[in-house]
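Structural overview
Okay, here's what each chain looks like letter by letter:
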Amino acid sequence: MADGVTPAVRPAVAADMAAVAALYGREVTGGTASFELEPPSVAEMTARFDAVRDKELPWLVAEVDGGFAGYAYLSPFRPRAAYRYGVEVSVYVEEAARGRGVARALMTALIEAARDKGLRHLIGAISQSATSDASIALHRSLGFGTAGVYRQVGWKHDRWLDVTLMQLDLSPDGAPPTRG
């Protein structure tokens, strides 16, 4: 890390949802990482947190110098049963903590959690933004490859936005799943 501080990553708890909702809300209103147009409430973010945990998937928080720096989680890629080995990666980092290794620490922990759960594919959907090049580079450095691009799929802040799809295959040899 640039400043020598290693982010601490831990499982999120319900008490983190106010900070999560605030960070996500800023991204909804001012950014393009989310295609939502209205920031969800703390109660809604808590319901989303509970839904992820009900699927026994990780939701993590990163801290730098004891302060909230970002969060990340895995969610089902698609609802159909055949997709059960694929998950989508979501990562949000506080602006002041960007460039300090927070996203890398969160993503590395999510990749390990996915391996531990016998999952096969991690999917990243990176929307066009001022930081999308850095996000794509981070995904590549962690082994993700570009799977495709949805062109002009979202309309936000008076412009069309592309979404780059990236995929990490945890079992590139094509072996069958190790769990049901």
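This report concerns the structure included in the present document. (Residues numbered from 1 in each chain as written. Predicted model: local features only at pLDDT ≥ 70, side-chain atom pairs only at ≥ 80, totals over all residues. Heavy atoms only, no water.)

Right, let's talk about the nonpolar core for a bit. Ranked by size, the top nonpolar core spans 42 residues in total, and within it Trp59, Tyr71, Leu74, Val102, Leu122 and Phe144 carry the most contacts. Filtering out sequence-adjacent residues up to four positions away, Leu122 remains in contact with Leu74, Val87, Val89, Ile111, Ala114, Phe144, Met166, Gln167, Leu168 and Leu170. (Core = buried A, V, L, I, M, F, W, Y, C linked by side-chain atoms within 4.5 Å. Buried < 20%, exposed > 50% of the residue type's maximum accessible area, 1.4 Å probe, protein only. Contact = heavy atoms within 4.5 Å.)

Tracing the backbone through its elements, the reader meets Arg120 in the loop between helix H3 (102–116) and strand E5 (121–127). From its side chain, Arg120 meets the backbone oxygen of Ser171 in a polar contact 2.9 Å long. Apart from the residues within four sequence positions on either side, Arg120 is in contact with Tyr85, Leu168, Asp169, Leu170, Ser171, Gly174 and Ala175. (Helix = DSSP H or I, 4+ residues; strand = E, 2+ residues; numbered from the N terminus. Polar contact = N/O pair within 3.5 Å; in protein donor to acceptor, adjacent residues only side chain to side chain.)

What follows covers the sheet that holds E5. Spatially, E1-E2-E3-E4-E5-E7-E6 is the arrangement adopted by the seven strands of the open sheet, whose pairing is mixed. For this open sheet the edge positions go to strand E1 (8–11) and strand E6 (145–156), each flanked by a neighbour on one side alone. The sheet shows a mean angle of 25° between the axes of neighbouring strands, taken without regard to direction. Relative to E5, strand E4 (residues 86–93) runs parallel, the two being bridged by four bridges. Of the residues in E5, the one forming a bridge with Gly86 is His121. Strand contacts of H3: E1, strand E2 (59–64), strand E3 (67–76), E4, E5 and strand E7 (159–169), with the helix running at about 35° to E3, the strand carrying the most contacts. (Pairing = 2+ DSSP bridges. Axes fitted to C-alpha atoms, helices over the stretch in contact; angles between N-to-C directions.)

As a further point, take the packing of H3 against helix H4 (residues 132–141). At their nearest, the axes of H3 and H4 sit 11 Å apart, and the two run at 40° to each other. The orientation of H3 with respect to H4, classified from their angle, is oblique. Crossing handedness for the pair H3 and H4: right-handed. Note on element contacts: H4 touches H3 through Leu138, His139 and Ser141, opposite Ala103, Arg104 and Met107. The residue inventory of the contact of H3 with H4, partitioned by class, reads three nonpolar, two polar and one charged. (Parallel < 35°, antiparallel > 145°, perpendicular 65-115°, else oblique. Left-handed = near helix turned anticlockwise from the far one by under 90°. Nonpolar A, V, L, I, M, F, W, Y, C, P; charged D, E, K, R; others polar.)

These results come straight from atomic positions and should not be treated as a statement about function.
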